[in-house]
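Topology and contacts: notes
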Amino acid sequence: DYQSLLAFADTTLRRFPTDPSDSLIVQRKNEIFSAINQPSVKTQTGTITTINLSLAQKYFDAGLTAFKTDLKLALKSFLKAAEINPYDPKVFENAAICYFNLGEYKKCIVYFDKELVFKTTTGKPGFFKGVALLKLGQQKEGCGYLQTASSKGYAEADGIIKTYCK
């Protein structure tokens, strides 16, 4: 917790007085103050500063732009956005779709699982995860996800279910 870190820094500075302009402890103490005073947003699963939210959004937007022409660049941007803001399911979904479109089905499943942790109400992640599982030869599990996607109103799942899930 921040208060403990600040108390530790103060104690250290009293015991080992130095020129404040070159002290690593003073620098870290200032970083802690900065972090404490940053506006932040509480999410369902954690807290993130609004400055980081803005940066994550920039990476996300860059990913959306790149998605049309360069899936690998888009993926890189979405992964960076997810690293900065791991509380936003849309970054995981978009990274997963990039992996899916690149034919990297095992990786796409990992990122759809990260999105599904957020208990999304749409059937989209279940649909793509189900198709990826089918492509990996895991018909029973894939069909289960497709059924869930269909029950959540994701109509594209119905045709796949009729063809592959009997």
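Shown above is the structure to which this text applies.
Residues numbered from 1 in each chain as written. Predicted model: local features only at pLDDT ≥ 70, side-chain atom pairs only at ≥ 80, totals over all residues. Heavy atoms only, no water.

Side note on the overall build of the protein
Assigned secondary structure in the protein consists of nine helices and two strands. Reading the protein from its N end, one meets helices and strands in the order α-α-β-β-α-α-α-α-α-α-α. Across the 166 residues that make up the protein, the buried fraction comes to 36%. A separation threshold of at least 6 residues defines the contact pool for the protein, and within that pool the share at least 24 residues apart is 44%. As displayed, the protein has an accessible area near 10,200 Å², and 56% of this comes from carbon and sulfur atoms. (Helix = DSSP H or I, 4+ residues; strand = E, 2+ residues; numbered from the N terminus. Buried < 20%, exposed > 50% of the residue type's maximum accessible area, 1.4 Å probe, protein only. Contact = heavy atoms within 4.5 Å. Areas by Shrake-Rupley, 256 points an atom, 1.4 Å probe, with all protein chains shown as cover.)

What about the state of the cysteines?
The tally for this structure, following the rule as stated, stands at one disulfide. Two residues, Cys143 and Cys165, share a disulfide whose sulfurs are 1.9 Å apart. Disulfide Cys143 to Cys165: torsion about the S-S bond roughly -90 degrees, handedness left-handed. Note that Cys143 is positioned in helix α8 (residues 139-151) and Cys165 in the segment after α9 (156-164), a separation of 22 residues in sequence. Residue Cys143 is classed as buried on the basis of its relative accessible area of 9%. (Disulfide = S-S within 2.5 Å.)

Let's talk about the packing of aromatic side chains
Enumeration over the complete set of coordinates arrives at eight aromatic pairs. Aromatic side chains Phe127 and Phe128 sit 5.2 Å apart centroid to centroid with 85 degrees between the ring planes, which places their arrangement in the edge-to-face category. The same class applies to Phe127 and to Phe128, which are both buried. One aromatic cluster in this structure is built from Phe100, Tyr105, Phe112, Phe127, Phe128 and Tyr154. Seen from the ring of Phe60, Lys90 lies directly overhead, with NZ or CZ sitting 4.7 Å from the centre. (Phe/Tyr/Trp six-rings, centres within 6.5 Å; stacked < 30°, edge-to-face > 60°. Lys NZ or Arg CZ within 6 Å of the ring centre and 35° of its normal.)

Brief notes about the pattern of salt bridges
Enumeration over the complete set of coordinates arrives at five salt bridges. Glu83 is the partner of Lys80 in a salt bridge, and the nearest nitrogen-oxygen pair spans 3.3 Å. Remark: Glu83 and Lys80 occur in helix α4 (residues 71-84); sequence separation between them is three residues, near one turn of the helix. Using a relative accessible area of 30% as the deciding quantity, one classes Lys80 as partly exposed. (Salt bridge = Lys/Arg side-chain N within 4 Å of Asp/Glu carboxyl O.)

Some thoughts on the environment of Glu141
The residue Glu141 is located in helix α8 in this model. Using a relative accessible area of 41% as the deciding quantity, one classes Glu141 as partly exposed. It is 9.9 Å that separates the C-alpha atoms of Glu141 and Val131, two residues lying 10 residues apart in sequence.

Describing the packing of helix α6 (residues 105-116) against helix α7 (residues 124-135)
Axis angle and axis distance: for two packed helices, these are the angle between their axes and the distance between the axes, and together they describe the pair. α7 packs onto α6 with a crossing angle of 155 degrees between their chain directions and a minimal axis gap of 9 Å. Between α6 and α7, the crossing angle belongs to the class labelled roughly antiparallel. Considering the relative orientation of α6 and α7, their crossing is left-handed. Residues Tyr105, Cys108, Ile109, Phe112, Asp113, Glu115 and Leu116 of α6 touch α7, and the partners they reach there are Pro125, Gly126, Phe128, Lys129, Ala132, Leu133 and Lys135. Residue classes in the contact of α6 with α7 are distributed as nine nonpolar, one polar and four charged. (Axes fitted to C-alpha atoms, helices over the stretch in contact; angles between N-to-C directions. Parallel < 35°, antiparallel > 145°, perpendicular 65-115°, else oblique. Left-handed = near helix turned anticlockwise from the far one by under 90°. Nonpolar A, V, L, I, M, F, W, Y, C, P; charged D, E, K, R; others polar.)

Here we look at α7
The terminal C-alpha atoms of α7 lie 17 Å apart, and with 12 residues this matches the ideal 16 Å at 1.5 Å per residue to within 8%. For α7, the buried fraction is high: 10 of the 12 residues fall into the buried class. The complete set of buried residues in α7 reads Pro125, Gly126, Phe127, Phe128, Lys129, Gly130, Val131, Ala132, Leu133 and Leu134. Considering only its buried residues, α7 is in contact with α5 (89-101), α6, α8 and α9. At the exit of α7 stands Gly137, carrying a positive phi of roughly 85 degrees. (Expected span 1.5 Å × (residues − 1).)

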